[in-house]
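Listed below, chain by chain, are the residues.
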Amino acid sequence: MPYATEKAWAGALARDISADIPQAVRNAGLNLTETQIAALRVAFEVRLVRTMGEDSDETPRDAATRNQQNG
């Protein structure tokens with residue numbers, strides 16, 4: 001099922017790219033809390049997936065929980 005494969009690829013790419021956000025925040029000298037950084041990562045992932053033409057089945061809360069578990 002190509003659609004499922006493309007959707008999985010989009011999600012994986014979004015997670016991989018968003019993993020760089022904490023370091024980018026530190027490099028930019030932004031004073032964000034860990035909670036704010038996690039929210040930024042989630043928002044970026046959701047936006048990237050949607051921009052790639054896929055709607056995420058994962059809610060922002062689900063993504064935030066996943067990010068907290070994965071560190």
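For clarity, every value in this text was computed on a predicted model and none was experimentally measured. (Residues numbered from 1 in each chain as written. Predicted model: local features only at pLDDT ≥ 70, side-chain atom pairs only at ≥ 80, totals over all residues. Heavy atoms only, no water.)

## Some points on the overall build of the protein
How we decide: Helix numbers and strand numbers start at the N terminus; a helix is a DSSP run of H or I with at least 4 residues, a strand a run of E with at least 2. Throughout, exposure labels follow a simple rule: accessible area from a 1.4 Å probe, protein chains only, divided by the maximum for the residue type, with under 20% read as buried, over 50% as exposed, and the rest as partly exposed. The criterion used for residue contact is that any of the two residues' heavy atoms lie within 4.5 Å.
For the protein, the count of helices and strands is four helices and zero strands. In sequence order, the protein lays out its α and β elements as α-α-α-α. Burial status across the protein gives 28% buried among its 71 residues. When contacts within the protein are restricted to residue pairs at least 6 apart in sequence, long-range pairs at least 24 apart make up 56% of them.

## Observations regarding the packing of helix α2 (residues 21–28) against helix α3 (residues 34–51)
Put simply, the test is: Lines are fitted to the C-alpha atoms to define the axes, a helix being fitted only along its stretch in contact, and any angle between axes, read from their N-to-C directions, falls within 0 to 180 degrees. Roughly parallel means an angle under 35 degrees; roughly antiparallel means over 145; roughly perpendicular covers 65 to 115; every other angle is labelled oblique. Left-handed describes a crossing in which the near helix is turned anticlockwise from the far one by less than a right angle; the clockwise case is right-handed. Side-chain classes follow a simple rule in which Ala, Val, Leu, Ile, Met, Phe, Trp, Tyr, Cys and Pro form the nonpolar group, Asp, Glu, Lys and Arg form the charged group, and the remainder, Gly included, forms the polar group.
Interhelical geometry of α2 versus α3 gives an angle of 125° and a closest axis separation of 10 Å. By the angle between their axes, α2 is oblique relative to α3. In this structure, α2 meets α3 at a crossing whose hand is right-handed. Two secondary-structure elements touch here, α2 through Ile21, Pro22 and Val25 and α3 through Ile37, Leu40, Arg41 and Phe44. Residue classes in the contact of α2 with α3 are distributed as six nonpolar, no polar and one charged.

## Side note on α2
Three or four residues apart is the spacing at which side chains of an α-helix point the same way, because the helix has 3.6 residues per turn. Definition in use: Starting at the helix axis, one direction is taken to each C-beta atom, and the arc is that of these directions.
Looking only at α2, the buried set comprises Ile21, Pro22 and Val25. In a view along the axis of α2, the buried residues occupy a sector of 105°, so they form one face of it. Turned more than 90 degrees from where α2 packs its buried face, Arg26 and Asn27 sit exposed.

## Some remarks on the confidence of the model for the protein
Test applied: A residue's pLDDT is simply how confident the predictor is in it, with values from 0 to 100.
Looking at the protein as a whole, the pLDDT averages 81, with 77% of positions reaching at least 70. Mean pLDDT across the secondary structure elements of the protein bottoms out at helix α4 (residues 60–70), with 69, and peaks at α2, with 95.

## Quick word on α3
Put simply, the rule is: By this rule the span expected of a helix is its residue count minus one, scaled by 1.5 Å.
In this model, α3 (18 residues) spans 25 Å end to end at C-alpha, consistent with the 26 Å of a helix rising 1.5 Å per residue. What α3 keeps buried is the set Ile37, Ala38, Arg41, Val42, Glu45, Val46, Leu48 and Val49.

## Digging into a nonpolar patch on the surface
Which entries qualify depends on this criterion: Think of a patch as exposed residues, more than 30% relative accessible area, with no salt bridge, where like charges cluster within 9 Å and nonpolar side chains (Val, Leu, Ile, Met, Phe, Trp, Tyr) cluster within 5 Å. Values of accessible area rely on a 1.4 Å probe in the Shrake-Rupley scheme; residue burial ignores everything except the protein chains shown. Any carboxyl oxygen of Asp or Glu within 4 Å of a side-chain nitrogen of Lys or Arg constitutes a salt bridge here.
Together, Leu30, Leu32 and Leu40 make up an exposed nonpolar region whose accessible area comes to about 240 Å². Tracing the backbone shows Leu30 in the loop between α2 and α3. The class of Leu30 is partly exposed, set by a relative accessible area of 47%.

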